[in-house]
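In case you want the letters, here they are:
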Amino acid sequence: MKETLERIRQEALSALEGTQAAQELEALRVKYLGKKGELTAVLKQMGRLSAEDRPVMGQLANEVRASLERAIETAAKKLESAALEARLKAEAVDVTIPGQSIRQGRKHPMYLALDEIKDIFVGMGFTVLDGPEVELAELNFDRLNAEEGHPSRDWSDTFYFDEDSRVMLRSQTSPMQVRAMDSMELPIRIIAPGRVYRKDEVDATHSPMFHQVEGMVIDKGVTMADLKGTLNTVVEQLYGKGTVTRFRPHHFPFTEPSCEMDVQCHKCGGAGCPTCKGEGWIELLGAGMIHPNVLRMAHIDPEVYSGWAFGMGLERTAMRRFKIADLRLIFENDVRFLEQF
Ligand code: PHE
């Protein structure tokens, strides 16, 4: 029996030393110490021993059991710390690896220019209005003194929705003048930015969809001097002090007198180049004193009130502000272009 016990001890201890996994360890525990285990089987035979052998063998058996239990405990601890180490290794984060950068978008240059324009006008007490792109021809034309037969009403210039030419994509932001007159108390100081549509072919300076900013002031005693003074101030804030402008006589059905405002070409400084088509000047906006007919149609007495209005091309303003040569760049949304602003 002594030999059996020693053999079990040897075998079990060396087996325990090589355990790699918790299941393996449990199997060994059952094999030696379990109810049907080898050591248990030996203990069951104790009864057959002589009275003097029994305590000696009993002690030895207890020793073997104790040493096996200790070995099992040690092996379990070893497995546990090996498992922990493996997990730490697997979950390790290398804080020295550079992070993944997130691609961040930015505002379109035209909207940057619009933000500046809004800031300038809001600083002068103007309210910013928003209005529909699908507009009634009545507001886009009739109420703006452009009667039936006016060339801009032609189907070749304007996108209509119906045979009767009553509903259209607005061809200018000027109907916002009418909407403001119809809905606001006098005096009025508004700007109204937004999209407008005309049947134009795409080229370096044209697009069937573009943006305008409408502006209007109506009050008692407003004159052309206010128009020029205000717009010159705006242009200097937008393009820098000393920016040279000029006003040319023009014609719009809804203003009288009417003018166009040019700024000196940013590319050539007035000498003439491809950007300004050799003219030295770039047309920036149309403007004028609101026609008495337009005021009357809005039930405003032209003997008491007067006003001025302007319509500014936003793409053109952004092109001049950021020195962009081709209108198409504004709409193509090439990231390499947009990233520069
Ligand atoms: N609506 C005109 C255009 O599109 C511009 C304009 C607006 C002119 C206001 C005078 C007054 O050309």
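A brief look at the structure comes next.

About the criteria used
- Residues numbered from 1 in each chain as written.
- Predicted model: local features only at pLDDT ≥ 70, side-chain atom pairs only at ≥ 80, totals over all residues.
- Heavy atoms only, no water.
- Helix = DSSP H or I, 4+ residues; strand = E, 2+ residues; numbered from the N terminus.
- Rg over C-alpha atoms; globule rule 2.2 N^0.38 Å.
- Buried < 20%, exposed > 50% of the residue type's maximum accessible area, 1.4 Å probe, protein only.
- Contact = heavy atoms within 4.5 Å.
- Areas by Shrake-Rupley, 256 points an atom, 1.4 Å probe, with all protein chains shown as cover.
- Expected span 1.5 Å × (residues − 1).
- Pairing = 2+ DSSP bridges.

Across its full length, the chain carries 12 helices and 9 strands. Radius of gyration (C-alpha) of the chain: 45 Å, far over the 20 Å computed for a compact globule of 341 residues. Seen along its three principal axes, the alpha-carbon backbone of the chain occupies a region of about 140 × 45 × 40 Å. Classification of the 341 residues of the chain by burial places 41% in the buried group. Once local pairs closer than 6 in sequence are excluded, the contacts in the chain between residues at least 24 apart make up 65%. Per element, the accessible surface of the chain, about 19,400 Å² overall, is 52% carbon and sulfur.

Moving on to helix α4 (residues 53–90). Here α4 spans 55 Å end to end across 38 residues, near enough to the 56 Å set by a 1.5 Å rise per residue. Looking at the buried positions of α4, the neighbouring elements they touch are α1 (2–17), α2 (22–33) and α3 (38–44).

The next thing to look at is the sheet that holds strand β8 (residues 281–290). Pairing is mixed in the open sheet, where 7 strands are placed in the order β1-β4-β5-β9-β8-β7-β6. Because the sheet does not close on itself, it has two edges, and the strands there are β1 (127–128) and β6 (245–252). Pairing of β8 with strand β9 (residues 306–313), which is carried by 5 bridges, proceeds in the antiparallel orientation. Along β9, the bridge assignment pairs Ala287 with Phe310.

Glancing now at the pairing of β6. Pairing between β6 and strand β7 (residues 255–264): 7 bridges, direction antiparallel. Counted as the bridge partner of Arg246 is Asp262 from β7. The antiparallel hairpin formed by β6 and β7 contains 2 residues in its connecting segment.

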